[in-house]
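# A closer look at the structure
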Amino acid sequence: MPCGAWEAVYIVDGLLRNESDVQPDTIHADTQGQSLPVFGLAALLGFELLPRIRNWHDLNFYRPTAATRYGHIDSLFGDNAIDWGLIEKHWTDLLRTSISIREGRVSSVTLLRRLGNYSHKNRLYRALRELGRVIRTVTLLRYLSEPGLREQITAVTNKAEAFHGYSEWLMIGGKLIGHNDPDHQERVVKFNELLANCAIYSTALDITDVANGLAAEGYPVDTDDLATITPYIQHTIRRMGDLVLNLSPPQQAPVTRLDLEPRVLFGSRA
(Lines give C-alpha, C1' and ligand atoms only; values in the text may rest on other atoms or scores of the structure.)
Protein backbone atom coordinates (compact mmCIF):
# COMPACT_ATOMS: atom_id res chain seq x y z
CA MET A 1 0.00 0.00 0.00
CA PRO A 2 1.41 3.41 -0.92
CA CYS A 3 0.97 5.92 1.86
CA GLY A 4 2.06 9.29 3.10
CA ALA A 5 3.37 10.01 6.57
CA TRP A 6 0.02 9.91 8.43
CA GLU A 7 -1.83 7.87 5.83
CA ALA A 8 -0.11 4.83 7.36
CA VAL A 9 -3.01 4.65 9.81
CA TYR A 10 -5.24 3.42 6.98
CA ILE A 11 -3.15 0.30 6.36
CA VAL A 12 -4.68 -1.86 9.08
CA ASP A 13 -8.18 -0.47 8.61
CA GLY A 14 -8.19 -1.46 4.94
CA LEU A 15 -7.26 -5.04 5.75
CA LEU A 16 -9.89 -5.36 8.47
CA ARG A 17 -12.58 -4.28 6.00
CA ASN A 18 -11.50 -6.93 3.53
CA GLU A 19 -14.37 -9.39 3.03
CA SER A 20 -12.91 -11.36 0.12
CA ASP A 21 -11.89 -15.01 0.19
CA VAL A 22 -8.24 -13.94 0.31
CA GLN A 23 -7.31 -12.91 3.84
CA PRO A 24 -3.67 -11.76 3.87
CA ASP A 25 -1.54 -11.89 7.00
CA THR A 26 1.32 -9.74 5.64
CA ILE A 27 1.26 -6.02 4.82
CA HIS A 28 3.70 -4.39 2.41
CA ALA A 29 3.84 -0.61 2.26
CA ASP A 30 5.96 2.34 1.25
CA THR A 31 8.67 3.65 3.56
CA GLN A 32 6.12 5.91 5.28
CA GLY A 33 4.35 2.75 6.48
CA GLN A 34 6.96 2.46 9.22
CA SER A 35 4.84 4.40 11.71
CA LEU A 36 5.66 2.94 15.12
CA PRO A 37 2.04 2.80 16.40
CA VAL A 38 1.01 1.04 13.17
CA PHE A 39 3.77 -1.53 13.70
CA GLY A 40 2.44 -2.19 17.20
CA LEU A 41 -1.21 -2.32 16.21
CA ALA A 42 -0.52 -4.60 13.23
CA ALA A 43 1.28 -7.05 15.51
CA LEU A 44 -1.61 -7.07 17.99
CA LEU A 45 -4.07 -7.79 15.17
CA GLY A 46 -1.97 -10.61 13.74
CA PHE A 47 -0.60 -8.83 10.66
CA GLU A 48 3.08 -8.75 9.78
CA LEU A 49 4.05 -5.29 8.55
CA LEU A 50 6.92 -5.44 6.02
CA PRO A 51 7.35 -2.00 4.43
CA ARG A 52 9.94 -0.90 1.93
CA ILE A 53 12.76 0.66 3.93
CA ARG A 54 14.75 3.73 2.98
CA ASN A 55 16.65 6.41 4.91
CA TRP A 56 18.26 3.97 7.33
CA HIS A 57 20.29 6.74 8.96
CA ASP A 58 17.04 8.21 10.32
CA LEU A 59 15.90 4.97 11.99
CA ASN A 60 16.63 3.89 15.56
CA PHE A 61 17.41 0.37 16.73
CA TYR A 62 16.21 -0.12 20.30
CA ARG A 63 18.12 -2.26 22.79
CA PRO A 64 16.14 -4.73 24.95
CA THR A 65 17.89 -3.20 27.99
CA ALA A 66 20.26 -0.29 28.45
CA ALA A 67 23.04 -2.71 29.49
CA THR A 68 22.68 -5.04 26.48
CA ARG A 69 25.69 -5.08 24.17
CA TYR A 70 26.36 -7.03 20.96
CA GLY A 71 29.61 -8.35 19.60
CA HIS A 72 29.22 -7.49 15.92
CA ILE A 73 26.18 -5.26 15.44
CA ASP A 74 26.40 -3.02 18.51
CA SER A 75 27.14 0.03 16.34
CA LEU A 76 23.60 -0.20 14.93
CA PHE A 77 22.13 0.59 18.33
CA GLY A 78 22.19 3.92 20.09
CA ASP A 79 21.40 4.59 23.72
CA ASN A 80 17.68 3.88 23.30
CA ALA A 81 16.23 0.97 25.27
CA ILE A 82 12.74 -0.53 25.32
CA ASP A 83 10.53 0.40 28.25
CA TRP A 84 9.13 -3.07 28.93
CA GLY A 85 7.43 -1.85 32.09
CA LEU A 86 5.23 0.54 30.08
CA ILE A 87 4.17 -2.27 27.73
CA GLU A 88 3.48 -4.66 30.60
CA LYS A 89 1.49 -2.08 32.55
CA HIS A 90 -0.85 -1.37 29.62
CA TRP A 91 -0.79 -4.81 27.98
CA THR A 92 -4.39 -5.58 28.97
CA ASP A 93 -5.53 -2.22 27.60
CA LEU A 94 -3.67 -2.89 24.33
CA LEU A 95 -5.34 -6.28 23.97
CA ARG A 96 -8.77 -4.84 24.79
CA THR A 97 -8.26 -2.09 22.22
CA SER A 98 -7.15 -4.49 19.48
CA ILE A 99 -10.16 -6.73 20.13
CA SER A 100 -12.50 -3.72 19.86
CA ILE A 101 -10.92 -2.83 16.52
CA ARG A 102 -11.12 -6.42 15.28
CA GLU A 103 -14.80 -6.59 16.23
CA GLY A 104 -15.53 -3.34 14.41
CA ARG A 105 -16.52 -1.36 17.48
CA VAL A 106 -13.89 1.29 16.83
CA SER A 107 -11.97 2.22 13.69
CA SER A 108 -8.19 1.86 13.81
CA VAL A 109 -7.94 5.14 11.89
CA THR A 110 -10.10 7.00 14.41
CA LEU A 111 -8.23 5.48 17.33
CA LEU A 112 -4.74 6.26 16.06
CA ARG A 113 -5.67 9.79 15.08
CA ARG A 114 -7.24 10.52 18.45
CA LEU A 115 -4.36 8.99 20.36
CA GLY A 116 -1.85 10.77 18.14
CA ASN A 117 -3.33 14.18 18.93
CA TYR A 118 -2.50 13.60 22.60
CA SER A 119 0.58 11.44 22.10
CA HIS A 120 2.65 13.14 24.82
CA LYS A 121 -0.03 12.59 27.48
CA ASN A 122 -1.83 9.44 26.38
CA ARG A 123 -0.32 6.39 28.05
CA LEU A 124 -2.04 3.95 25.71
CA TYR A 125 -0.50 5.67 22.70
CA ARG A 126 2.92 5.60 24.34
CA ALA A 127 2.55 1.88 25.10
CA LEU A 128 1.47 1.17 21.53
CA ARG A 129 4.43 3.16 20.22
CA GLU A 130 6.78 1.29 22.56
CA LEU A 131 5.49 -2.04 21.26
CA GLY A 132 6.00 -0.71 17.74
CA ARG A 133 9.64 0.01 18.57
CA VAL A 134 10.12 -3.63 19.51
CA ILE A 135 8.47 -4.97 16.36
CA ARG A 136 10.23 -2.53 14.02
CA THR A 137 13.65 -3.25 15.52
CA VAL A 138 13.13 -6.97 14.94
CA THR A 139 11.91 -6.27 11.39
CA LEU A 140 14.95 -4.10 10.62
CA LEU A 141 17.31 -6.80 11.88
CA ARG A 142 15.52 -9.40 9.77
CA TYR A 143 15.74 -7.10 6.76
CA LEU A 144 19.52 -6.89 7.20
CA SER A 145 20.08 -10.60 7.78
CA GLU A 146 17.60 -12.25 5.38
CA PRO A 147 18.26 -11.69 1.66
CA GLY A 148 15.08 -13.58 0.80
CA LEU A 149 12.99 -11.13 2.82
CA ARG A 150 14.56 -8.15 1.03
CA GLU A 151 13.82 -9.77 -2.33
CA GLN A 152 10.22 -10.44 -1.29
CA ILE A 153 9.61 -6.85 -0.17
CA THR A 154 11.22 -5.44 -3.31
CA ALA A 155 9.25 -7.73 -5.64
CA VAL A 156 5.88 -6.97 -4.01
CA THR A 157 6.38 -3.21 -3.80
CA ASN A 158 7.60 -3.13 -7.40
CA LYS A 159 4.32 -4.80 -8.42
CA ALA A 160 2.41 -2.08 -6.61
CA GLU A 161 4.49 0.63 -8.28
CA ALA A 162 3.88 -0.97 -11.68
CA PHE A 163 0.11 -1.01 -11.09
CA HIS A 164 0.01 2.62 -10.01
CA GLY A 165 2.17 3.63 -12.97
CA TYR A 166 -0.28 1.84 -15.26
CA SER A 167 -3.23 3.54 -13.55
CA GLU A 168 -1.61 6.95 -13.96
CA TRP A 169 -1.08 6.24 -17.65
CA LEU A 170 -4.80 5.48 -18.02
CA MET A 171 -5.84 8.61 -16.14
CA ILE A 172 -7.49 10.96 -18.61
CA GLY A 173 -6.22 14.50 -18.16
CA GLY A 174 -3.03 13.67 -16.26
CA LYS A 175 -2.08 12.75 -12.70
CA LEU A 176 -3.63 15.76 -10.97
CA ILE A 177 -7.27 15.74 -9.87
CA GLY A 178 -8.62 19.20 -10.64
CA HIS A 179 -11.16 19.35 -7.85
CA ASN A 180 -10.91 19.92 -4.09
CA ASP A 181 -14.04 17.98 -3.18
CA PRO A 182 -12.90 14.84 -1.25
CA ASP A 183 -15.91 12.83 -2.51
CA HIS A 184 -15.09 13.74 -6.10
CA GLN A 185 -11.44 12.82 -5.57
CA GLU A 186 -12.41 9.46 -4.09
CA ARG A 187 -14.67 8.69 -7.06
CA VAL A 188 -11.94 9.62 -9.53
CA VAL A 189 -9.42 7.35 -7.81
CA LYS A 190 -11.87 4.44 -7.55
CA PHE A 191 -13.02 4.72 -11.17
CA ASN A 192 -9.42 5.04 -12.35
CA GLU A 193 -8.43 1.86 -10.50
CA LEU A 194 -11.56 0.10 -11.78
CA LEU A 195 -10.61 1.04 -15.33
CA ALA A 196 -7.05 -0.19 -14.73
CA ASN A 197 -8.28 -3.52 -13.37
CA CYS A 198 -10.62 -3.98 -16.35
CA ALA A 199 -7.79 -3.25 -18.79
CA ILE A 200 -5.46 -5.66 -16.96
CA TYR A 201 -8.12 -8.37 -16.95
CA SER A 202 -8.78 -7.92 -20.66
CA THR A 203 -5.06 -8.11 -21.47
CA ALA A 204 -4.68 -11.22 -19.31
CA LEU A 205 -7.50 -12.88 -21.25
CA ASP A 206 -5.79 -12.01 -24.54
CA ILE A 207 -2.53 -13.52 -23.28
CA THR A 208 -4.41 -16.66 -22.20
CA ASP A 209 -6.04 -17.01 -25.62
CA VAL A 210 -2.69 -16.68 -27.39
CA ALA A 211 -1.02 -19.23 -25.10
CA ASN A 212 -3.88 -21.69 -25.51
CA GLY A 213 -3.77 -21.21 -29.28
CA LEU A 214 -0.05 -21.93 -29.45
CA ALA A 215 -0.43 -25.02 -27.27
CA ALA A 216 -3.32 -26.28 -29.39
CA GLU A 217 -1.16 -26.03 -32.48
CA GLY A 218 1.50 -28.15 -30.83
CA TYR A 219 3.98 -25.44 -29.85
CA PRO A 220 5.58 -25.88 -26.41
CA VAL A 221 4.58 -23.15 -23.97
CA ASP A 222 6.76 -22.77 -20.90
CA THR A 223 5.03 -21.43 -17.79
CA ASP A 224 8.28 -19.72 -16.76
CA ASP A 225 8.16 -17.78 -20.04
CA LEU A 226 4.53 -16.85 -19.41
CA ALA A 227 5.49 -15.52 -15.99
CA THR A 228 7.64 -12.85 -17.65
CA ILE A 229 4.74 -11.42 -19.67
CA THR A 230 3.24 -8.37 -18.01
CA PRO A 231 -0.48 -7.57 -18.16
CA TYR A 232 0.42 -3.87 -18.19
CA ILE A 233 0.84 -3.80 -21.97
CA GLN A 234 -0.04 -0.36 -23.31
CA HIS A 235 0.37 -0.46 -27.09
CA THR A 236 -2.77 -2.61 -27.53
CA ILE A 237 -5.01 -0.09 -25.76
CA ARG A 238 -6.49 2.96 -27.48
CA ARG A 239 -6.49 5.15 -24.40
CA MET A 240 -7.99 8.16 -26.17
CA GLY A 241 -10.26 6.14 -28.48
CA ASP A 242 -14.03 5.68 -28.42
CA LEU A 243 -15.29 4.24 -25.14
CA VAL A 244 -18.51 2.26 -25.65
CA LEU A 245 -20.31 0.90 -22.59
CA ASN A 246 -22.06 -2.39 -23.32
CA LEU A 247 -23.86 -3.78 -20.27
CA SER A 248 -25.20 -6.87 -22.01
CA PRO A 249 -23.41 -10.09 -20.97
CA PRO A 250 -21.21 -11.79 -23.60
CA GLN A 251 -22.70 -14.70 -25.51
CA GLN A 252 -19.86 -16.92 -24.39
CA ALA A 253 -18.01 -16.77 -21.10
CA PRO A 254 -14.37 -15.73 -21.54
CA VAL A 255 -11.77 -18.45 -21.20
CA THR A 256 -9.94 -17.93 -17.90
CA ARG A 257 -8.34 -21.36 -17.58
CA LEU A 258 -4.82 -21.73 -18.97
CA ASP A 259 -4.54 -25.14 -20.64
CA LEU A 260 -1.21 -25.85 -22.29
CA GLU A 261 -1.94 -29.39 -23.43
CA PRO A 262 -2.02 -29.57 -27.28
CA ARG A 263 -5.49 -29.77 -28.85
CA VAL A 264 -7.28 -30.01 -25.49
CA LEU A 265 -9.35 -26.89 -26.03
CA PHE A 266 -9.52 -26.92 -29.81
CA GLY A 267 -9.79 -30.64 -30.59
CA SER A 268 -7.54 -32.77 -32.71
CA ARG A 269 -6.66 -31.69 -36.23
CA ALA A 270 -6.38 -33.83 -39.32
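None of these values were measured; they are calculated from a predicted model.

At their nearest, the axes of helix H6 (residues 123-145) and helix H7 (residues 147-170) sit 5 Å apart, and the two run at 100° to each other. Here H6 is positioned roughly perpendicular relative to H7, judged by the angle of their axes. Across from Arg142, Tyr143, Leu144 and Ser145 in H6, the residues of H7 making contact are Pro147, Leu149, Arg150 and Ile153. Counted by class, the contact of H6 with H7 contains five nonpolar, one polar and two charged residues.

Once that is clear, we can look at helix H8 (residues 182-216). The first and last C-alpha atoms of H8 sit 51 Å apart over 35 residues, in line with the 51 Å expected at 1.5 Å per residue. Directly beyond the C-terminal end of H8, a positive phi value near 95° is found at Gly218.

Turning next to the environment of Thr68. Relative to the helices and strands, Thr68 is located in the loop between strand E3 (61-63) and strand E4 (77-81). Sequence-wise, Thr68 and Ala81 are 13 residues apart; in three dimensions their C-alpha atoms are separated by 8.9 Å. A polar atom in the side chain of Thr68 sits 2.4 Å from the side chain of Thr65.

Next up on the list: the confidence of the model for the chain. Across the chain, the average pLDDT comes to 81, with 83% of residues at 70 or higher. Between the elements of the chain, mean pLDDT differs from a low of 64, seen in helix H5 (residues 108-117), to a high of 95, seen in helix H3 (residues 84-89). Here residues 1-6 is a poorly scored stretch, pLDDT under 50, and it has 18 contacts once near neighbours within four places are set aside; other chains count.

On to helix H4 (residues 91-102). Relative to the 16 Å expected for twelve residues at 1.5 Å per residue, H4 spans 16 Å between its end C-alpha atoms, a close match to the ideal helical length. Those residues of H4 that fall on the buried side of the exposure criterion are Leu94, Thr97, Ser98 and Ile101. Buried residues of H4 fall within an arc of 95° about the axis and therefore sit on the same side. Among the residues trailing H4, Gly104 stands out with phi positive, at a value near 80°.

What counts, and at which threshold
- Residues numbered from 1 in each chain as written.
- Predicted model: local features only at pLDDT ≥ 70, side-chain atom pairs only at ≥ 80, totals over all residues.
- Heavy atoms only, no water.
- Axes fitted to C-alpha atoms, helices over the stretch in contact; angles between N-to-C directions.
- Helix = DSSP H or I, 4+ residues; strand = E, 2+ residues; numbered from the N terminus.
- Parallel < 35°, antiparallel > 145°, perpendicular 65-115°, else oblique.
- Contact = heavy atoms within 4.5 Å.
- Nonpolar A, V, L, I, M, F, W, Y, C, P; charged D, E, K, R; others polar.
- Expected span 1.5 Å × (residues − 1).
- Polar contact = N/O pair within 3.5 Å; in protein donor to acceptor, adjacent residues only side chain to side chain.
- pLDDT = per-residue confidence, 0-100.
- Buried < 20%, exposed > 50% of the residue type's maximum accessible area, 1.4 Å probe, protein only.
- Arc of directions from axis to C-beta.

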